[in-house]
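# Commentary on secondary and tertiary structure
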Amino acid sequence: MSKKISDGLEDVVAAATVLSEVDGQAGRLIIRGHSLDELAGRIAYEDLARLLWTGFFGDLPGDFGPALGAARVQVFEEVSALDTGLLALSPIEAMRALTARLADGDSLDVAFRLMAAPAVFTAAVVRGQAGEAPVRPDPTLSHAADILRMIKGRAPTEAEATALDTYLVTVSDHGLNASTFAARVVASTRAGLASATLAGISALKGPLHGGAPGPIIDMLDGIGAPENARAWIEDALARGDRLMGFGHRVYRVRDPRADALKKAVRRLGDGSNVLPGRLAFAEAVEQAALAILKERKPDRTLDTNVEFYTALLLEALAFPPSAFTCVFAMGRVAGWIAHAREQLAGGRLIRPQSRYIGPLPKVAA
Ligand code: CMC
């Protein structure tokens, strides 16, 4: 009997989770009982990670800061493997290769090292690609402040550290998105947290998921001025391109993370880190894009997603666009690990079926 296929697994519920809920009709994100509004800009990334991991490991430290700081120092040892071959790769590929050198397992120590890995390795790769030596982690700093320090080689301002912290919290978990699903599939085979995290990084890399913000900067730079927006966007759509930063599988309204990050960009602007006029320009491009998408696809709501203002925020924090997806991984890794542990605790092997549509063997003589 032929079974129904759900294209892209749309509307398939593949796991029960206590971690987060994406309400696509209301445009609401809940993380462990808290709305995004209660969390973004109000809780440190370390505390959010603790919230996500509660119940999935034995005893958790009350303050994740020292354990995460120590883990940054431990994984920094692997930076010595960063050679010219790895530096020739994209930052996410080089970061993934270094992360793959870490020991696998399901323990809390392994989990902390994996949470530290995207931050430490990306900073070393970004500096290495700019011809600069890596900066040793400072375990006494917050994760966000140390990331910026390891990349820039100087202490960040408080406003910069707060903005990055807000970003990491905002993207820490988001239901059964593609990378989290990939992580849960691998965790379901009992391969270990490092294997699950590597699956997450690999899925995140694609432009339809976490790879969108870099190309958004290319789009803004290509448009150049608000009056060029309509023509540029229409040309892109006529070529069959998708507009990065718009549309979502689950949200049928505006992605609530877009507004949390726009607020963070605006706050950072007060500290004059954002290029003058950049936010207003981006807003003009956003409005043009929304209007054109509405004309073209009147039956499908294509609204702004998290990546549009991610691009502005990470640009304002002076991350190179080539490393934007790595910064996404720095935040989402806490969610991947929580989901992997949840899968391990209660889930079965994830093993769906396919429907064979190839030729049948000739009947044996
Ligand atoms: N620009 C132009 N057309 C679009 C876009 C877009 N950004 N998004 C969807 N469409 C069109 C698509 O071409 C399709 O048209 P048609 O029915 O004529 O073929 C229709 O809308 C439905 O698209 P879909 O591919 O069925 O939708 P999906 O749910 O599979 O895709 C998406 C979701 C996020 C992959 C898609 O909206 C997209 O490619 N967006 C651009 C990339 C992007 O911004 N990605 C970041 C997503 S948010 C971060 C995260 O949580 O992963």
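Structure: see above.
From a predicted model like this one, the values you see are computed outputs, not experimental measurements.

With that settled, the discussion passes to the site of the ligand. The environment of the ligand is formed by 21 residues, the closest being His209, Leu243, Gly245, Arg249 and Lys297. Between the ligand and Arg242 there is a distance of 2.8 Å, counted from an oxygen atom to a side-chain nitrogen or oxygen. In this structure, an oxygen atom belonging to the ligand sits 3.2 Å away from a side-chain N or O atom of Arg300. Bound to the protein, the ligand loses 76% of the 930 Å² it would expose on its own.

A few words now on the packing of aromatic side chains. Applying the stated criterion to the full structure yields six aromatic pairs. Between Trp53 and Phe112, the aromatic rings sit 5.4 Å apart at their centres with planes inclined by 50°, giving tilted as the arrangement. In this pair, Trp53 is assigned in helix H2 (residues 45–53) and Phe112 in helix H6 (residues 108–129), connecting sequence segments 59 residues apart. Chaining the aromatic ring pairs together yields one cluster made of Trp53, Phe57, Phe64 and Phe112. The ring centre of Phe57 lies 4.5 Å from the NZ or CZ of Arg341, which sits over that ring.

In spatial order, the strands read E1-E2-E3; together these three strands make up an open sheet with antiparallel pairing. Edge positions in the sheet fall to strand E1 (20–23) and strand E3 (34–35), since each has one partner strand and no second. Both strand E2 (residues 28–31) and E3 contribute to a ladder of two bridges, which runs antiparallel. Looking at the pairing, Ile30 lines up with Ser35 of E3.

Let us now look at helix H14 (residues 278–296). In a regular helix each residue adds 1.5 Å, so 19 residues correspond to 27 Å; H14 covers 27 Å between its end C-alpha atoms and thus fits that length. For H14, every residue scored as buried is listed here: Arg278, Leu279, Phe281, Ala282, Val285, Glu286, Ala288, Ala289, Leu290, Ile292 and Leu293.

Within soluble globular proteins, side chains that are nonpolar generally end up buried alongside one another. In this structure, Trp53, Met115, Leu164, Tyr167 and Phe319 are the most contacted members of the largest nonpolar core, which totals 115 residues. By residue number, the principal contributor to this core is H6, which donates 15 residues. The residues touching Leu164, leaving out its near neighbours within four places in the chain, are Ala144, Ile147, Leu148, Leu317, Phe319 and Val327.

Tracing the backbone through its elements, the reader meets Lys262 in helix H13 (residues 256–270). Reaching out from Lys262, the side chain makes a polar contact with the side chain of Glu283 at a distance of 3.1 Å. In contact with Lys262, other than residues within four places in its own chain, are Arg254, Glu283, Glu286 and Tyr309.

Judged by side-chain charge, Arg242, Arg296, Lys297 and Arg300 come together as a positively charged surface patch. The topology assignment puts Arg300 in the loop between H14 and helix H15 (306–316).

Right, let's talk about helix H8 (residues 158–170) for a bit. In a regular helix each residue adds 1.5 Å, so 13 residues correspond to 18 Å; H8 covers 18 Å between its end C-alpha atoms and thus fits that length. Of all 13 residues that make up H8, 10 are buried, and the element is covered over most of its length. Listed as buried for H8 are Glu160, Ala161, Ala163, Leu164, Asp165, Thr166, Tyr167, Leu168, Val169 and Thr170.

With that settled, the discussion passes to unusual backbone geometry. Positive phi outside glycine occurs at Arg32, with the angle close to 45°. Looking at the secondary structure, you find Arg32 in the loop between E2 and E3. The exposure class assigned to Arg32 is partly exposed, which follows from its relative accessible area of 23%.

Residues Ser20 and Val22 line the buried face of E1, whereas the alternating positions Glu21 and Asp23 sit on a face that is not buried. Between E1 and E2, which pair antiparallel in sequence order, lie four residues; one of them, Gly27, sits at a positive phi of approximately 70°.

What follows covers the layout of surface pockets. Approximately 1,900 Å³ is the volume found for the largest pocket. What lines the largest pocket is a set of 49 residues, and nearest its centre among them are Asn177, His248, Arg249, Val250 and Arg300. Those elements that provide at least two residues to the lining of the largest pocket are E1, helix H9 (178–188), H14, H15 and helix H16 (324–346). With four residues, E1 is the largest single contributor of residues to the lining of the largest pocket. In terms of residue class, the lining of the largest pocket is made up of 21 nonpolar, 14 polar and 14 charged.

Thresholds, definitions, all that
Residues numbered from 1 in each chain as written. Predicted model: local features only at pLDDT ≥ 70, side-chain atom pairs only at ≥ 80, totals over all residues. Heavy atoms only, no water. Near = heavy atom within 4 Å. Polar contact = N/O pair within 3.5 Å; in protein donor to acceptor, adjacent residues only side chain to side chain. Areas by Shrake-Rupley, 256 points an atom, 1.4 Å probe, with all protein chains shown as cover. Phe/Tyr/Trp six-rings, centres within 6.5 Å; stacked < 30°, edge-to-face > 60°. Helix = DSSP H or I, 4+ residues; strand = E, 2+ residues; numbered from the N terminus. Lys NZ or Arg CZ within 6 Å of the ring centre and 35° of its normal. Pairing = 2+ DSSP bridges. Expected span 1.5 Å × (residues − 1). Buried < 20%, exposed > 50% of the residue type's maximum accessible area, 1.4 Å probe, protein only. Core = buried A, V, L, I, M, F, W, Y, C linked by side-chain atoms within 4.5 Å. Contact = heavy atoms within 4.5 Å. Patch = residues over 30% accessible without salt bridge, like charges linked within 9 Å, V, L, I, M, F, W, Y side chains within 5 Å. Salt bridge = Lys/Arg side-chain N within 4 Å of Asp/Glu carboxyl O. Lys, Arg positive; Asp, Glu negative; His and termini not counted. Charge placed at Lys NZ, Arg CZ, Asp CG, Glu CD. 1 Å grid on protein atoms, 1.4 Å probe; cavity = no way out; pocket = protein on both sides within 12 Å on 5 of 7 lines; lining within 4 Å. Points joined across faces, edges and corners; volume = space filled by probe spheres on them. Nonpolar A, V, L, I, M, F, W, Y, C, P; charged D, E, K, R; others polar.

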